Amino acid sequence: MFTVKGTDPSGRVMTFACGTDEQAMEKTWELRRRGFRDVVVVDPKGKELGDGAFERSLEIDWE
């Protein structure tokens with residue numbers, strides 16, 4: 001299970017559970033669109049990555 005955490009525009013820290021890495025990536029995009037700051041992803045092993053680093057770690061070829 002992946003966990004996505006971020007700070008909403010009013011300053012509250014919120015946490016979301018995601019079953020897959022793809023869901024976690026989509027959640028980071030959603031939170032950014034909604035104005036969240038400090039978005040991080042915690043992988044199943046407990047490793048915490050910023051949203052940009054997490055996306056790069058998935059090694060997706062966007063072309």
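Nothing here was measured: the structure is a model prediction, and the numbers come from that model.

**Comments concerning the side chain of Asp8**
Tracing the chain through its elements places Asp8 in the loop between β1 (2–7) and β2 (13–18). Residue contacts for Asp8: discarding those within four places in its chain leaves Met14, Phe36 and Arg37.

**What to know about the packing of aromatic side chains**
Following the criterion strictly, the structure yields 2 aromatic pairs and no others. With 6.4 Å between their ring centres and 65° between their planes, Phe16 and Phe36 make a pair best called edge-to-face. Residue Phe16 is located in strand β2, and its partner Phe36 is located in the loop between α1 (21–33) and β3 (37–42); the two are separated by 20 residues in the primary sequence. Here Phe16 falls in the buried class, since its relative accessible area comes to 17%. Taking the relative accessible area as the measure of exposure, Phe36 reaches 4% and is therefore buried. When the ring centre of Phe16 is taken as origin, the NZ or CZ atom of Lys27, which lies over that ring, is 4.6 Å away.

What counts as what
Within every chain, residues take consecutive numbers counted from 1 along the sequence as written. Local features are withheld for residues below a pLDDT of 70 in this predicted model, meaning they are given only at 70 or higher, and side-chain atom pairs are given and counted only at 80 or more; totals for whole chains, interfaces and linings count all residues. Note that water and hydrogens are dropped before the side-chain values are worked out from all heavy atoms of the structure. Going along the chain from the N terminus, every DSSP run of H or I of four or more residues is numbered as a helix, and every run of E of two or more is numbered as a strand. Note on contacts: a residue pair qualifies if any of its non-hydrogen atoms lie within 4.5 Å across the two residues. A pair of aromatic rings is counted whenever rings of Phe, Tyr or Trp (Trp by its six-membered ring) have centres within 6.5 Å, and the orientation is called stacked for planes under 30 degrees apart, edge-to-face for over 60 and tilted otherwise. Burial classification: accessible surface area is computed with a 1.4 Å probe over protein chains only, and a residue below 20% of its type maximum counts as buried, one above 50% as exposed, and the rest as partly exposed. Here, over-ring charges are defined by two tests on the NZ atom of lysine or the CZ atom of arginine: distance to the ring centre within 6 Å, and angle to the ring normal within 35 degrees.

Geometry only, nothing functional implied.
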